[in-house]
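Structural overview
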Amino acid sequence: IGLRSRMGRLRVRRGATGEGLIRAARERQFFQSLPSDAEEIANLLTSATTAGEFAARLEEIVRKTQSPERASNRLRRVELIGAAASRPELLESISATQTMILDVGEALAIEFRDRGWLRKGIEPRALTLYVQAVTLGRVLGDLDQRGVDEDAWIALLLAALRGMLDLDDEGTTAHEGD
């Protein structure tokens, strides 16, 4: 996939003004706040040979993306998106980066669909946006002073994701082994 290499093309333009330098720094900060899981998920996809293997690894990825240790990166992304609201060029740049991330996630979800692991009627790009929205929305839980039980949160996410995947309780598809 090479997500990091594709996104690593962000750089300061020659002759950048003070505002241009600020924008470039904010673009870099936004990039650094993004989770690097797309490549890990791509590796999961390419190395999983059955839906059962895929389902077994799903919880590990969900736990990693939702971990409390990532709270500061999630909050930083929200902060940078908010800062871009009053800077049209920064907003445009962040939008382009976000579109690229969705493109990569969509390509992964198409692979899931092509392997028969995505439930019919679930659009790959919509699934990608859902996963990102849940992860970014986790900021609200990070700010919750009472907190939500981490295992309960993970169980809810896994139930929702399994509802979008075409896997039975054992993590296999109806057509697996045919």
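Check the entry above for the structure.
Presented here is a report on the structure given in the accompanying data block. (Residues numbered from 1 in each chain as written. Predicted model: local features only at pLDDT ≥ 70, side-chain atom pairs only at ≥ 80, totals over all residues. Heavy atoms only, no water.)

**Comments concerning a nonpolar patch on the surface**
Side chains of Leu-75, Val-78 and Leu-143 sit close together on the surface and give an oily, nonpolar patch of about 250 Å² of accessible area. With respect to the secondary-structure elements, Leu-143 resides in helix α7 (residues 124-143). (Patch = residues over 30% accessible without salt bridge, like charges linked within 9 Å, V, L, I, M, F, W, Y side chains within 5 Å. Areas by Shrake-Rupley, 256 points an atom, 1.4 Å probe, with all protein chains shown as cover. Salt bridge = Lys/Arg side-chain N within 4 Å of Asp/Glu carboxyl O. Helix = DSSP H or I, 4+ residues; strand = E, 2+ residues; numbered from the N terminus.)

**Examining α7**
Between its first and last C-alpha, α7 extends 30 Å over 20 residues, near the 28 Å set by a 1.5 Å rise per residue. If you check which residues of α7 are buried, you get Pro-124, Leu-127, Thr-128, Gln-132, Val-134, Thr-135, Arg-138 and Val-139. Those residues of α7 that are buried are in contact with α4 (51-65), α5 (71-84), α6 (88-114) and α8 (150-164). (Expected span 1.5 Å × (residues − 1). Buried < 20%, exposed > 50% of the residue type's maximum accessible area, 1.4 Å probe, protein only. Contact = heavy atoms within 4.5 Å.)

**Concerning the pattern of salt bridges**
Counted by the stated rule, this structure contains ten salt bridges. Asp-142 serves as the salt-bridge partner of Arg-74, at 2.8 Å between the closest nitrogen and oxygen. Of this pair, Arg-74 sits in helix α5 while Asp-142 sits in helix α7, and the two are 68 residues apart along the sequence. The shortest N-O distance in the salt bridge between Arg-125 and Glu-106 comes to 2.9 Å. Here Arg-125, found in helix α7, pairs with Glu-106, found in helix α6; they are 19 residues apart in sequence, far enough to count as distant. Its relative accessible area of 28% is what places Arg-125 among the partly exposed residues. Judged by relative accessible area, which is 24%, Glu-106 ranks as partly exposed. In the salt-bridge network here, residues are joined through shared partners; they are Arg-74, Arg-138, Asp-142 and Glu-150.

**Focus on the packing of aromatic side chains**
A full pass over the atoms with the stated rule returns two aromatic pairs. Note on Phe-54 and Trp-117: the rings are 5.0 Å apart at their centroids and 25° apart in plane angle, and the pair reads as stacked. Here Phe-54 is found in helix α4, whereas its partner Trp-117 is found in the loop between α6 and α7, with 63 residues between them in sequence. Summarising the burial analysis for this pair, Phe-54 and Trp-117 share the class buried. A connected cluster of aromatic rings, assembled from ring pairs, spans Phe-54, Phe-112 and Trp-117. (Phe/Tyr/Trp six-rings, centres within 6.5 Å; stacked < 30°, edge-to-face > 60°.)

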